[in-house]
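Descriptive analysis of the structure
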Amino acid sequence: MNKHNFIQYGKPYYGSEEDKQVKKVLNSNWIGTGPISQKFEKNFSEYKKVNYAKSLNSCTAALHLSLLLLNLKKNDEVITTPLTFAATINSIILAGGKPVLVDIRNDTYNIDEKKIEKKITRKTKAILLVHFGGIPCDMDPIIKIANKYNLKIIEDCAHAIESKYKNKNTGSFGFTGCFSFYANKNITTGEGGMLICKDKNIAKKIEIMRLHGLSRDAWKRYMPQEKIPKAGLVWDHYDIKYVGLKYNMIDINAALGISQLKKITSMLKERNKLVKEYNKHLKHLPVFFQNTNSYKFKNAHHLFTIVLDKKRTKKKRDYLLRYLNEEGIGVGVNYRSVTSMSCYKKLFKWNNQTCKNANYIGNNILSLPLYPGLKKKEQQYIIKKLKKFFDN
Ligand SMILES: Cc1ncc(COP(=O)(O)O)c(C=O)c1O
């Protein structure tokens, strides 16, 4: 392997359809947020079978806005998982809340629903879930707890666009569902996100908050009819309704999203095939795989992770990361536990005893390349190198 045939960790799967749709936007008179973003929202809400979908420039934006809508007071708490990306934790802090961690399950690597209730206090306002890797959290018991204590559920679905829990779509269980279309996600717009919800008032507020708090969509001001003031008015001025942000998706990105959504099913089939092949050839290695038999679900297979089993091997995860990289294979670490991050350690006094399962998994996990477009030959090479690492 040399740098010309390095196997990338993640890769988008674009074709002529994306080309055509983006060119259409480029050749139109408007490339900002507009009709194409609206069309992507409509298509996404139909795909997820929810009333409202609001396009944003990231999943982080969706999480931040969801949390801002809770109007958290000082020291209000939001329960969440330690095995996640910084965006989950940062959004809570930036919305004025305090993240409270509940350790993960050893099979799904999702928040352990059995440990949530013990962490609830009078200050708890919400549970922020992450459907890690594409396997949904065990929603039935979590919804029961949320109802009992009057807590809002926010779903971080960055890994779980296609996922279902007992035939119900992820993102549609609680207050909001937050999706990512970042460059390595199952469908991608380069950067991008979507917030879905059932409630019209939440949707309306998100629409305003994502664009500075403006009372009406800025893009409509560029259309001829918007220049005509309402009867009786000399000029229909915009207002600022709330202290908003700049979190809107633009039509160039939405054009990519529309094209990607059309192939979401066929792309997931490719992921499924790759996962089967990894499972078949790697099952004898001294590693754990993420899965569960305890409820029915559809897996979006965003990640293919392995966790080194310290009881069966003395090999170290970090040596494996380095070895694979040297052999021309891109790898990811999703994730180190947030309890090992210096910033949070300082803020919340988290340490490696705070969430023991997450700590073990965070220290021993790695993600292998998994995307449609990963060639059979490349996957065989990855498998061969992994076996060699453990054999030696
Ligand atoms: C679990 C999780 N939440 C949130 C995010 C943030 O997504 P975005 O990059 O679209 O803001 C990511 C990104 O990788 C993620 O993995």
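Structure shown above.
Figured I'd write up the structure that's included with this text. The residue numbers shown here count from 1 along each chain, following its written sequence. Local features are withheld for residues below a pLDDT of 70 in this predicted model, meaning they are given only at 70 or higher, and side-chain atom pairs are given and counted only at 80 or more; totals for whole chains, interfaces and linings count all residues.

**Quick word on the overall build of the protein**
Secondary structure elements are taken from DSSP: a helix is a run of H or I of four residues or more, a strand is a run of E of two residues or more, and numbering for both begins at the N terminus. A count of helices and strands for the protein gives 12 helices and 13 strands. Counting only C-alpha atoms, the protein reaches 80 × 55 × 40 Å along its principal axes. Three exposure classes are used, all based on how many other C-beta atoms lie within 10 Å of a residue's own C-beta (placed from the backbone): buried at 20 or more, exposed at 12 or fewer, and partly exposed between those limits. For the protein, the proportion of its 392 residues judged to be buried stands at 44%. We call two residues in contact when the distance between their C-beta atoms, placed using the backbone, is within 7 Å. In the protein, the share of contacts with a sequence separation of at least 24, taken over all contacts with a separation of at least 6, comes to 73%.

**Observations regarding the packing of helix 8 (residues 264–282) against helix 12 (residues 376–391)**
Between two packed helices, both the angle of their axes relative to each other and the distance between the axes serve to describe the pair. Taken N-terminus to C-terminus, the directions of helix 8 and helix 12 make an angle of 25 degrees; their axes are 11 Å apart at the nearest point. With respect to helix 12, the axis of helix 8 lies roughly parallel. Like other packed secondary-structure pairs, helix 8 and helix 12 cross with a definite hand, here right-handed. Seen from helix 8, the contacting residues are Leu274, Glu277, His281 and Leu282; seen from helix 12, they are Gln379, Ile383 and Leu386. When residues are sorted by character, Ala, Val, Leu, Ile, Met, Phe, Trp, Tyr, Cys and Pro go into the nonpolar class, Asp, Glu, Lys and Arg into the charged class, and all the rest, Gly among them, into the polar class. When grouped by side-chain class, the residues that make up the contact of helix 8 with helix 12 number 4 nonpolar, 2 polar and 1 charged. Only C-alpha atoms enter the line fits that serve as axes; for helices the fit covers just the stretch in contact. Angles between N-to-C directions range over 0 to 180 degrees. Throughout this description, any angle smaller than 35 degrees is read as roughly parallel, any larger than 145 degrees as roughly antiparallel, any in the 65 to 115 degree range as roughly perpendicular, and the remainder as oblique. Should the near helix be turned counterclockwise from the far one by less than a right angle, the crossing is left-handed, whereas a clockwise turn marks it as right-handed.

**Brief notes about the site of the ligand**
Near the ligand lie 14 residues; those nearest to it are Ser58, Cys59, Thr60, Ala158 and Ser180. Secondary structure elements with two or more residues in the shell around the ligand: helix 3 (59–68) and helix 4 (86–94). Here the shell around the ligand is composed, by residue class, of 6 nonpolar, 7 polar and 1 charged. Being near a molecule or strand means, for a residue, that its backbone-placed C-beta atom lies within 6 Å of it.

**Observations regarding the pairing of strand 2 (residues 77–80)**
Burial along strand 2 is two-sided: the face carrying Glu77 and Ile79 and the face carrying Val78 and Thr80 are both buried. DSSP-based pairing: two strands are paired if at least 2 bridges between them are found. Of the pairings in the sheet, the one linking strand 2 to strand 3 (residues 98–101) comprises 4 bridges and is parallel in character. Residue Ile79 lies in a different strand from strand 3, and its bridge partner there is Val100. Crossover connection from strand 2 via helix 4 to parallel strand 3: handedness right-handed. Note: strand 2 against strand 4 (residues 124–130), 4 bridges, orientation parallel. Each bridged residue has a counterpart across the sheet, and for Val78 the counterpart in strand 4 is Ala126. Seen with its strands pointing away from the viewer, a crossover is right-handed if its path from the first strand over the helix to the second goes clockwise.

**Remarks on helix 7 (residues 251–262)**
Note on helix geometry: an α-helix contains 3.6 residues per turn, so any two residues three or four positions apart are oriented the same way. Here the expected length of a helix is defined as 1.5 Å per residue gap, with one fewer gap than residues. Spanning 12 residues, helix 7 covers 17 Å between terminal C-alpha atoms, matching the ideal 16 Å at 1.5 Å per step. Buried residues dominate helix 7, accounting for 9 of its 12 residues. Within the sequence span of helix 7, burial applies to Asp251, Asn253, Ala254, Ala255, Leu256, Gly257, Ile258, Ser259 and Gln260. Buried-residue contacts for helix 7 involve helix 1 (16–26), helix 2 (35–48), strand 1 (52–56) and helix 8.

**What to know about the environment of Thr81**
Topologically, Thr81 is positioned in the loop between strand 2 and helix 4. Residue Thr81 is classed as buried on the basis of its 30 C-beta neighbours within 10 Å. Among residues more than four places away in sequence, those in contact with Thr81 are Val102, Ile104, Asn110, Ile111 and Val130.

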